[in-house]
Structures are given as structure tokens and as C-alpha cells.
Amino acid sequence: SEYCLQVLATVSGDPPLTEIILYDAAVHQIPNVLDYIYCKRLRLHADTAVPLRFLAQFLGIKVLFKKVMDFIGTNLSLTTITSYLRDATLLKDEKLLGMAARHVARNILHVTPLHPLLQTASLDIWGRVLSSPGIVSDERRLHASLLTAAILKIHQDELTIPVLQQ
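Residues numbered from 1 in each chain as written. Predicted model: local features only at pLDDT ≥ 70, side-chain atom pairs only at ≥ 80, totals over all residues. Heavy atoms only, no water.

Here's the deal with the overall build of the chain
The helix and strand tally for the chain stands at 11 helices and zero strands. What you see in the chain, going N to C, is helices and strands ordered as α-α-α-α-α-α-α-α-α-α-α. Burial analysis of the chain (166 residues in total) assigns 40% to the buried set. Considering only contacts in the chain between residues 6 or more positions apart, those separated by 24 or more positions represent 65%. (Helix = DSSP H or I, 4+ residues; strand = E, 2+ residues; numbered from the N terminus. Buried < 20%, exposed > 50% of the residue type's maximum accessible area, 1.4 Å probe, protein only. Contact = heavy atoms within 4.5 Å.)

Structure below.
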């Protein structure tokens, strides 16, 4: 991978050592990455996709990155959105957070006040949903207002003047 070539070119010492610090979610997917590299086997589902995307990007494994992104593109739904939001938030994956927010905005009329998404989404993510171009009609804006009331109730203990001014 690009990462390994870069490390090998810059490592020094006797013996040469490199220390890598990763999030736990990504560490748990290293065996999956090795299975892919050596055996062309990949366990890919909503709970593994974001950490695998992170590792593929970090390690510079372009083929794996593309495979994971293709999977996410077809698998992202209101059923799987909570897994993607949870892991993308944990791994600080801004691109996936944006993708997820746009997906929710496009499908806002199918989100109910009891949808698990509202329990998972932070106020920051919900702000991204509301500012997404997917909420264009009056019907969508009205439904988004109803959901905003529900998410504010869920996060009522976090509400402070600075948070509300964001």
C-alpha cells in the first residue's frame, strides 16, 4: 500500500519501528483488511464499512477504499443510517457525515419522531440535515420542524445558549 511504502522509506532505528495509533473501531477491522489483502475475502456490512473505509484511506489501499465506498453507496438507507452516523462520528469522517445528512434530508418524509436516527444523531448532525438542499418543499420543511422538536426534546439536557446559537 502507499502507506507501507511511505513508512518503509522513512523508518530508521535498530530495529526499525513504526508506531501506529488507531481508533478501536478501526483496530477491530485489521484482520478483515488482512483477509482482503491476502485471501480476497471481505466481511462488509453497515457495522464494518466505516472503519474499513478509514483503514483503506489511512493505509492507501485504493481498491479496498473503492469497494467500501461502492458498498456504502448502495447500502446507506434509513435502516442502516444509525450505524453509519455512529461510526462516522467516532472516526470523525466528515465526508460520510455529509453523505448521511444529505441522505436523511432526501428521505426526511420517511423519518418518524420515533426513528432511532433521532436518538443517534447529534445536534450538529441534525443541523447538517436541516441545511441540506434536500429539504426544499413546504411539506419537507414542516416535517423537518416536527422532527427538530423531537430531537431537541431528546437532547434537552445539552441545550445551552451557545449550542442554540450555532
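Back to the text.
Some remarks on the packing of aromatic side chains
In this structure the tally under the stated criterion is one aromatic pair. Its end group placed over the ring of Tyr36, Lys40 keeps NZ or CZ at 5.1 Å from the ring centre. (Phe/Tyr/Trp six-rings, centres within 6.5 Å; stacked < 30°, edge-to-face > 60°. Lys NZ or Arg CZ within 6 Å of the ring centre and 35° of its normal.)

A short note on helix 6 (residues 81–90)
In terms of burial, helix 6 is a largely internal element, seven of the 10 residues being buried. Among the residues of helix 6, Ile81, Thr82, Ser83, Tyr84, Leu85, Asp87 and Ala88 are the ones counted as buried. Looking at the buried residues of helix 6, the elements they touch are helix 4 (46–59), helix 5 (62–75), helix 7 (94–106), helix 8 (116–120) and helix 9 (123–130). Where helix 6 ends, the next residue or the one after it, Lys92, has phi of about 55 degrees, a positive value.

A few points about the side chain of Thr82
With respect to the helices and strands, the residue Thr82 is situated in helix 6. With residues up to four places along the chain from it excluded, the contact list for Thr82 reads Pro116, Leu117 and Thr120.

Considering the packing of helix 3 (residues 30–39) against helix 4
Direction vectors running N to C along helix 3 and helix 4 enclose 65 degrees, while the axes themselves pass 10 Å from each other. Of the possible angle classes, the one that applies to helix 3 and helix 4 is roughly perpendicular. At the point where helix 3 passes helix 4, the crossing takes the right-handed sense. Across the interface between the two elements, Ile30, Asn32 and Val33 of helix 3 pack against Thr48, Leu52, Leu55 and Leu59 of helix 4. Split into classes, the residues belonging to the contact of helix 3 with helix 4 amount to five nonpolar, two polar and no charged. (Axes fitted to C-alpha atoms, helices over the stretch in contact; angles between N-to-C directions. Parallel < 35°, antiparallel > 145°, perpendicular 65-115°, else oblique. Left-handed = near helix turned anticlockwise from the far one by under 90°. Nonpolar A, V, L, I, M, F, W, Y, C, P; charged D, E, K, R; others polar.)

Here's the deal with a nonpolar patch on the surface
Together, Val27, Ile30, Leu34, Ile37 and Tyr38 line one region of the surface with nonpolar side chains, adding up to about 470 Å² of accessible area. Counting residues per element, the nonpolar patch draws most heavily on helix 3, at four residues. Within the secondary structure, Tyr38 is located in helix 3. Judged by relative accessible area, Tyr38 falls into the exposed class, the value being 68%. (Patch = residues over 30% accessible without salt bridge, like charges linked within 9 Å, V, L, I, M, F, W, Y side chains within 5 Å. Areas by Shrake-Rupley, 256 points an atom, 1.4 Å probe, with all protein chains shown as cover. Salt bridge = Lys/Arg side-chain N within 4 Å of Asp/Glu carboxyl O.)

Looking at the confidence of the model for the chain
In low-pLDDT segments, the atomic positions of the prediction should not be examined closely. Residues of the chain with pLDDT of at least 70 account for 81%, and the chain-wide mean is 86. No element of the chain has a lower mean pLDDT than helix 1 (residues 2–10), at 53, and none a higher one than helix 5, at 96. (pLDDT = per-residue confidence, 0-100.)

Some words on the environment of Leu85
Examined against the element boundaries, Leu85 turns out to sit in helix 6. Assessed through its relative accessible area of 3%, Leu85 is described here as buried. Leu85 sits 40 residues away from Ile125 along the chain, and the two C-alpha atoms are 8.6 Å apart. Beyond its immediate chain neighbours, meaning those up to four positions away, Leu85 contacts Leu97, Ala100, Leu117, Thr120, Ala121 and Ile125.

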